[in-house]
Amino acid sequence: MRGTNRKRFSQFMALLKFGSTPFGEVLENKDGGRVIEPPAAVLELCSDEFRYDDRSSSNGEDDAGFGNGRYNPIWAEAENSVESVSRGSSVRRHRSPPLYPQRVALDNIITGHNPSWMLGRRPHVNSDSELEESSLEEHSLDSSLDSEAEIEENNTRTELFDSEQNQIQKLKQPISAESSRSSPNRLMADSENQSSSGKFTPPKDFVCPITSALFDDPVTLETGQTYERKAIQEWLDRGNSTCPITRQNLQSTQLPKTNYVLKRLIASWQEQNPGIVFSPSDNPSPQIEPMVKSIMPSTSPVSVISQAAIDSAVSELRIAITNLCMSEILKESEMAVLRIEHFWLEANVEWDIQNMLSKPPVINGFVEVLFNSVDPRVLTATVFLLSELGSRDNAVIQTLTQVDSDVECIVALFKKGLMEAVVLIYLLRHCILNLVEMDLVDSLLSVIRKRDDDFPNMCLKPKSAAVVLLGHIVGVSELIASSLTSEKSLERIISSLESESAEEKTAAIGILLRCMQQDGHCRNTIADKAELAPVLDSFTGAKDEERFEIVLFLSELVKLNRRTFNEQILHIIKDEGPFSTMHTLLIYLQTAAQDHCPVVAGLLLQLDLLAEPRKMSIFREEATDTLISCLRNTEFPSAQIAAAETIMSLQGRFTTSGKPLARAFLLKRAGIDKIYKQHVRMDQLSSFSGEDETLDEEKAADNWERKLAFVLASHEFGLLFEALAEGLKSRISELCSACFVSATWLVHMLDVLPDTGIRGAARLCLIKRFISILKSAKDTEDKALALLALGSFIHDPEGMQELNSCRRDIVKGLRELKRYTPLAFQMLKVFSEGQDSSAELWDHKELVQVDCSENGEVLSVVCFKDKIFSGHSDGTIKVWTGKGSILHLIQETQEHTKAVSSLAILQSKEILYSGSLDKTTRAWSISNEGIQCVEVHDMKDQVHNLAVTNSFSCFIPQSNGIKAHSWNGGSKMLNSGKSVKCFALVNGKIFCGCHDSTVQEIDLVTGTLSTIQTGSRKLLGKSNPIHCIQYHSGMIYAAGSSLDGSAVKIWSAANFSLVGSLSTTLEVRAMALSSELIYLGGKGGCVEIWDREKQNKIIDTLQTGTNCKVLSLALDANEEVLVTGTSDGRIQAWGLS
């Protein structure tokens, strides 16, 4: 067996020839059974090859620091060592004589005549000159080799390295801690440390990192690094423009003055340590002895073979590292990277190679390859090695982030498709300040979409690194989340919820949360595909901020537009956690931050209400108490807003984007359903599959709404109403708005909840606030919501009593809303029932009066926006604007030569048309400054009672009938057999009142003529004309003679049936209609106001004058201001008070 081992050993070591003598022959001895003692020098040097102390700067094959004309930063801080492995593979050319001591070639040591080396004893070195002479001989030998020999030896070295890997895999074993710690390879120790020979070594700051010798003429560069002047000058003369240590570009290659402070310190140290002659090759013996001691106990030839194989492999690694950092040929550096990667993958990382590769010069060498290589395999290997090193040693990360361009290079490679670089960027993330600005989202998504099998086995899965980085970016810039909502991206991010990495899982939760917040339409996809059990499992071990992210994620997840789905997810959250979810949330609620509590309480309350409300629940009580306390805590406005918005969202209806529908749904109940239709019919209901499903969803939503409203309103006998009332007084708009919607919802729900006495609490806290909003709010929707809330108190005697105390204010608000919601009509009826007189409900106050008698009669008035237009008998048109009690004239024009008989507004084009007795119609553009005539139409007849559309106009000519005039110039006579006194043009039909009291309908589409009221014969030679006719809400109002006791008759436009009349004796000359009132103007300057609904009595009478007629009436768009024009030239404005 001993012979077999010796044979194997001889065959293996034949590859490692030193000169012409095989290493195996050196080991042979006469006594085969005795302990084999290999040559001490060989063992010491081979051992020293892989012994690498992390406290030292570095070890290498060439301590010189320059190879191929370049400085080798790896070995710049090399220890005081004479280790040197030649074997032909380390031979390199030197362009000029070096400025630093050289190591003794191994061949010279082996062929030396000192027999004690073969016995394992320490050799006696007479002086440093011998070592220096040997080094010079080696240098001479190196210089004599030509390039072909060097290439051949490099090929041999590569084959040798590859052939040894299989043996390394079998023989790899960690170096003993004792061996690692005992390495004395420390060249620059502190001055108080002693070498094994008892001599003091100088502080490393006194030693040049290039020459490894004491400074003689130190110069400090702009990077802060100090070098020997001759050495750094040689470095710069070779074409380099960077600092050898930091690799930062130098602004100037002109060397500064001598660092005299450092020079004086060195001189002082030398005075304190007289007789010490320091040299990098000083006393190599102490480095050999410890290695011999660690190897001597080995008595087996196999162990010697294993050790030699390891030594050889590590030596080859050092050669690769040297080539990586020193070679000026890119191909050599690339091959070095691949060899180092191969060694890393095959060898045991417990060897001290990590420290060898983690040195800043080595890392900078890797970065240089990244900057210059275009080989994907090399780039991947480089990134892999840097990631592995960075994950084990934070110093590597610090080295990479010292120069911004290094990080930018890595990011650029990643964005160009080197996806493995994402792991390295992940390791650098804490040092990168502008990660968001690097535009990495698309590249990160590409990594996330790939499978894990597409990547090499690294220290961290690239997908995990990408998700964490994406989570960081989205957390800083939430708007980016809107670009992540494609289904494929979401599925891959959702799969990270099941990751074993807590960091990846937390990042995925944050990304999905912000995706839902930015684009809520992805909520359904996340809810459908996400496994919530791992999310709940991660809650217990998470930090506070991470816990809140989880709670917020779950809260957002249950804002689906389908109530049944929301309840299914709530059941999953409640039942699938490793522990009781509700109990866990309760404990967290008691310790959570103030502004986090409302969200936690809202989720806890929803989980508790999955079952029917019971008499007592600690979860419900704690959650509701928390919401109320947060709502009232003025020291934390953010918590107040969160509590109010949480209460509002508990109503349970959401759009597909997750926005609460509480406000829109309440507006629908108030009669303004336009917004709700936009949100629901086009957004929510479009996702339903059928009417039955819609009905089921509505039923589920109603049940949920009742349960939540009952729990919130009945808590502590309506304590929440008091908190909401305080919130309504806040100056924070978000808080006030959310409290208003929540209060409206809960008060409105009192009509369907059991009467437990909480209505009184709501009345005391909120009724005055709702009245104030109805009275003073500028927004119509806010008025409608206040009206909806007040409707809950109408049937309450005490509530109605309080409403009556503010009757005027409420009625005024109802008048403003009557055009928008039928609820206002119902409320007005309630307030008018049982009253002796409705005059106070419709009290009119004169606002302003102006005298225009110099312009004759006011024949027509119209209102448009904030302006009033009046036409006068002298052909003048005046433009007025009203502010308070002042009617301000802003323009007066007289382009008509005769009376302006009528004015009409074309709303769609904002154009005023004026008809005149001068047989023209003028079109006026309306602006803030007034009006400007833009077109004149020749009507070829006097114009009375003008009506206009986009394509034509109608007017009463001087003769019989009605004339239809096209804006293109054509005209046509209608109903020419009748003398028409007035008409109204509505929806393609003309309703005309004739001189003989006939009322007819002319259909402009079909040309048919229908009679609504038949005319009567003249009595005593007097005619009974219809003076004015109006159309409103499907009814035709015609005012004529009061001979039959009713001057105004009302017909249905659908079937021409008489539906009502007004018993007035007034000779009506003008009429205006609002939603509730009828205004009649006539002789004596009187204006009567009638109720459109009751039609049985005059509500009020306005007196514009005594010796005049009211010729024209007009209402503003809000039906709050009545404008009158009289025959004596006065214009008056009346407002509802």
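Predicted, not measured: the structure shown is a model, and the values here were computed from it.

1. What about the overall build of the chain?
Right, so step 1: The number of helices and strands found in the chain is 40 helices and 32 strands.
Right, so step 2: Here the chain holds 1137 residues, and 55% of them are scored as buried.
Right, so step 3: If you take every contact in the chain between residues at least 6 apart in sequence, the share linking residues at least 24 apart comes to 59%.
Right, so step 4: Roughly 50000 Å² of accessible area belongs to the chain as shown, and the carbon and sulfur atoms make up 48% of that amount.

2. Digging into the nonpolar core
Right, so step 1: Residues Phe366, Leu470, Ile526, Phe553, Leu631 and Leu803 are the most contacted members of the largest nonpolar core, which totals 205 residues.
Right, so step 2: Of all the elements, helix H35 (residues 733-748) adds the most residues to this core, at 10 residues.
Right, so step 3: By size, the runner-up hydrophobic cluster in this structure holds 19 residues, among which are Phe206, Cys208, Phe215 and Ile266.

3. Examining the sheet that holds strand S25 (residues 1058-1062)
Right, so step 1: In spatial order, the strands read S22-S23-S24-S25; together these four strands make up an open sheet with antiparallel pairing. A single partner strand is all that each edge strand has here, and the edge strands are strand S22 (1028-1032) and S25. On average, each strand axis in the sheet is inclined to that of its neighbour by 20°, with strand direction left out of account.
Right, so step 2: Of the strand pairs in this sheet, strand S24 (residues 1048-1052) and S25 are connected by four bridges, and their pairing is antiparallel. Counted as the bridge partner of Trp1051 is Leu1058 from S25.

4. Comments concerning helix H20 (residues 462-476)
Right, so step 1: Under the 1.5 Å per step criterion, the end-to-end length of H20 is 21 Å for 15 residues, consistent within 8% with the ideal 21 Å.
Right, so step 2: With 11 of its 15 residues buried, H20 lies for the most part within the structure.
Right, so step 3: Pro462, Lys463, Ser464, Ala465, Ala466, Val467, Val468, Leu469, Leu470, Ile473 and Val474 are the residues of H20 that are buried.
Right, so step 4: Tucked inside the fold, the buried residues of H20 contact helix H18 (421-428), helix H19 (441-449), helix H21 (487-495) and helix H22 (502-518).

5. Re the pairing of strand S23 (residues 1035-1039)
Consecutive side chains of a regular strand alternate in pointing toward one face of the sheet and then the other.
Right, so step 1: Among the five residues that make up S23, four are buried, leaving the element largely enclosed by the rest of the structure.
Right, so step 2: One ladder, built from five bridges, connects S22 with S23; its direction is antiparallel. The residue of S23 that forms the bridge with Ile1029 is Ala1038.
Right, so step 3: As consecutive antiparallel partners, S22 and S23 are separated by two residues, and within that stretch Ser1033 has a phi angle of approximately 55°, a positive value.
Right, so step 4: Of the strand pairs in this sheet, S23 and S24 are connected by five bridges, and their pairing is antiparallel. Residue Tyr1037 lies in a different strand from S24, and its bridge partner there is Ile1050.

6. Digging into the packing of H19 against H20
Right, so step 1: Running from N to C, H19 and H20 point in directions that differ by 145°, and their axes come no closer than 8 Å. Once H19 is placed against H20, the crossing between them reads as left-handed. Contacts from Val441, Leu444, Leu445, Val447 and Ile448 of H19 reach H20 at Pro462, Lys463, Ala466, Val467, Leu469, Leu470 and Ile473.
Right, so step 2: Of the residues in the contact of H19 with H20, the class split is 11 nonpolar, no polar and one charged.

7. A closer look at the sheet that holds strand S5 (residues 844-851)
Right, so step 1: Taken together, four strands build an open sheet; the order of strands is S5-S32-S31-S30 and the sheet is antiparallel. If you trace the sheet from one side to the other, it starts and ends with S5 and strand S30 (1110-1115), each paired once. Averaged over all pairs of adjacent strands, the angle between strand axes in this sheet comes to 20°, irrespective of strand direction.
Right, so step 2: Note that S30 and strand S31 (residues 1121-1126) share five bridges and pair antiparallel. When the bridges of S31 are listed, Val1110 appears paired with Thr1126.

8. Description of the confidence of the model for the chain
Right, so step 1: Taken as a whole, the chain shows an average pLDDT of 77; of its residues, 75% reach a score of 70 or greater.
Right, so step 2: Counting interchain partners and residues more than four positions distant, the pLDDT-below-50 stretch residues 1-199 has 383 contacts.
Right, so step 3: With pLDDT under 50 throughout, residues 281-302 is counted as low confidence; its partners more than four residues away or in other chains account for 42 contacts.

9. Here's the deal with the environment of Val474
Right, so step 1: Among the structural elements, Val474 can be located in helix H20.
Right, so step 2: For Val474, a relative accessible area of 1% corresponds to the buried category.
Right, so step 3: Put simply, Val474 and Arg514 are 40 residues apart on the chain and 7.4 Å apart in space, counted from C-alpha to C-alpha.
Right, so step 4: Not counting the four nearest positions on each side in its chain, Val474 is found in contact with Ala481, Leu484 and Arg514.

10. Observations concerning helix H36 (residues 758-776)
Right, so step 1: Look at H36: 27 Å from first C-alpha to last across 19 residues, which is about the 27 Å you get at 1.5 Å a residue.
Right, so step 2: Along its length, H36 shows its largest kink, about 50°, at Leu766.
Right, so step 3: Within H36, the full set of buried residues consists of Ile758, Arg759, Gly760, Ala761, Ala762, Arg763, Leu766, Ile767, Phe770, Ile771, Ile773 and Leu774.

11. Focus on the packing of aromatic side chains
Right, so step 1: Counting across every chain of the model gives five aromatic pairs.
Right, so step 2: Taken together, a centroid distance of 6.5 Å and an interplanar angle of 75° make the contact between Phe206 and Trp269 edge-to-face. Of this pair, Phe206 sits in the loop between helix H7 (177-182) and strand S3 (218-220) while Trp269 sits in helix H9 (residues 260-272), placing them 63 residues apart in sequence.
Right, so step 3: Directly above the ring of Phe539 sits Arg547, whose terminal nitrogen or CZ lies 5.2 Å from the centroid.

12. Considerations on the pattern of salt bridges
Note that side chains of opposite charge can pair when their charged atoms are close.
Right, so step 1: All chains considered together, the criterion is met by 36 salt bridges.
Right, so step 2: Across the pair Lys461 and Asp452 runs a salt bridge whose closest N-O atoms are separated by 3.9 Å.
Right, so step 3: Overall, the relative accessible area of 51% leaves Lys461 in the exposed class.
Right, so step 4: Among the ionic pairs, Lys559 bridges to Glu556, the shortest N-O distance being 3.3 Å.
Right, so step 5: Salt bridges here are not isolated pairs; linked through shared partners, they connect Arg653, Arg669, Glu698, Asp702 and Glu705.

13. Some thoughts on the pairing of strand S16 (residues 962-966)
Right, so step 1: By the criterion of burial, S16 is predominantly enclosed, with four of the five residues buried.
Right, so step 2: With four bridges connecting them, strand S15 (residues 952-956) and S16 associate as antiparallel partners. In the strand pairing of S16, Ser953 is matched with His965.
Right, so step 3: In sequence, S15 turns back onto S16 through a hairpin of five residues, with Gly961 there showing a positive phi of about 80°.
Right, so step 4: Here S16 runs beside strand S17 (residues 971-974); their pairing, made up of four bridges, is antiparallel. Looking at the pairing, Ala964 lines up with Lys972 of S17.

14. A short note on the environment of Leu889
Right, so step 1: Structurally, Leu889 is set in strand S9 (residues 886-893).
Right, so step 2: Sequence-wise, Leu889 and Val879 are 10 residues apart; in three dimensions their C-alpha atoms are separated by 6.0 Å.
Right, so step 3: If near-sequence neighbours (up to four positions away) are discounted, Leu889 is found in contact with Lys878, Val879 and Trp880.

15. A short note on the side chain of Arg922
Right, so step 1: The topology assignment puts Arg922 in strand S12 (residues 920-926).
Right, so step 2: One polar contact links Arg922 to Glu895, side chain to side chain, over a distance of 3.1 Å.
Right, so step 3: Among all residues touching Arg922, those that are not within four sequence positions of it are Glu895, His896, Leu912, Tyr913, Ser914, Cys933, Glu935 and Val936.

16. Side note on the state of the cysteines
Each disulfide consists of one covalent bond between the sulfur atoms belonging to two cysteines.
Right, so step 1: Summed over all chains, the structure comprises zero disulfides.
Right, so step 2: Sulfur of Cys994: no disulfide; nearest cysteine sulfur belongs to Cys992 and is 4.6 Å away.
Right, so step 3: Taking the relative accessible area as the measure of exposure, Cys994 reaches 1% and is therefore buried.

17. Here we look at unusual backbone geometry
Right, so step 1: In this model, Phe717 sits at a positive phi of 55°, which is unusual for a non-glycine residue.
Right, so step 2: Take Phe717: it is sitting in the loop between helix H33 (691-714) and helix H34 (719-728).
Right, so step 3: Given a relative accessible area of 69%, Phe717 falls into the exposed group.

So, how was this worked out
- Every chain begins its residue count from 1, and numbering advances along the sequence as written.
- Since the coordinates come from a predicted model, pLDDT governs what is reported: local features require at least 70, and pairs of side-chain atoms require 80 or more to be given and counted, while whole-chain, interface and lining totals use all residues.
- Where side-chain values are given, they derive from all heavy atoms of the structure, hydrogens and water being excluded.
- Comment: elements are numbered from the N terminus, with helices defined as DSSP H or I runs of at least four residues and strands as E runs of at least two.
- Residue burial is assigned from relative accessible area. The probe radius is 1.4 Å, only protein chains are included, and a residue is buried under 20% of its type maximum, exposed over 50%, and partly exposed in between.
- Working rule for contacts: check all heavy atoms of both residues, and any pair within 4.5 Å makes them a contact.
- Using the Shrake-Rupley algorithm and a 1.4 Å probe, accessible areas are obtained, with residue cover drawn only from the displayed protein chains.
- What makes a nonpolar core is a set of buried Ala, Val, Leu, Ile, Met, Phe, Trp, Tyr and Cys residues whose side-chain atoms join them at distances within 4.5 Å.
- Strands pair, by our definition, only if DSSP identifies at least two bridges between them.
- Axis lines are fitted to C-alpha atoms, over the contacting stretch for helices. Their N-to-C directions set the angle, which ranges from 0 to 180 degrees.
- Multiplying one less than the number of residues by 1.5 Å gives the expected span of a helix.
- The handedness criterion is simple: a crossing whose near helix is rotated anticlockwise from the far helix by less than a right angle is left-handed, and one whose near helix is rotated clockwise is right-handed.
- Gly is placed with the polar residues, together with every amino acid not listed as nonpolar (Ala, Val, Leu, Ile, Met, Phe, Trp, Tyr, Cys and Pro) or charged (Asp, Glu, Lys and Arg).
- A residue's pLDDT is the confidence the predictor assigns to it, expressed on a 0 to 100 scale.
- By definition, a residue's bend is the angle between the axes fitted to the seven residues ending there and the seven starting there.
- Aromatic contacts are taken between Phe, Tyr and Trp rings whose centres are within 6.5 Å, Trp giving its six-membered ring; a plane angle under 30 degrees counts as stacked, one over 60 as edge-to-face, and the others as tilted.
- Either the NZ atom of lysine or the CZ atom of arginine qualifies as a charge over a ring when it sits within 6 Å of the ring centre and within 35 degrees of the ring normal.
- Each reported salt bridge corresponds to a side-chain nitrogen of Lys or Arg within 4 Å of a carboxyl oxygen of Asp or Glu.
- The term polar contact refers here to a pair of N or O atoms within 3.5 Å; inside protein, the definition further demands a hydrogen-donor-capable atom paired with an acceptor-capable atom, and it admits residues adjacent in sequence only when both atoms are side-chain atoms.
- Here, a disulfide means two cysteine sulfur atoms that sit within 2.5 Å of each other.

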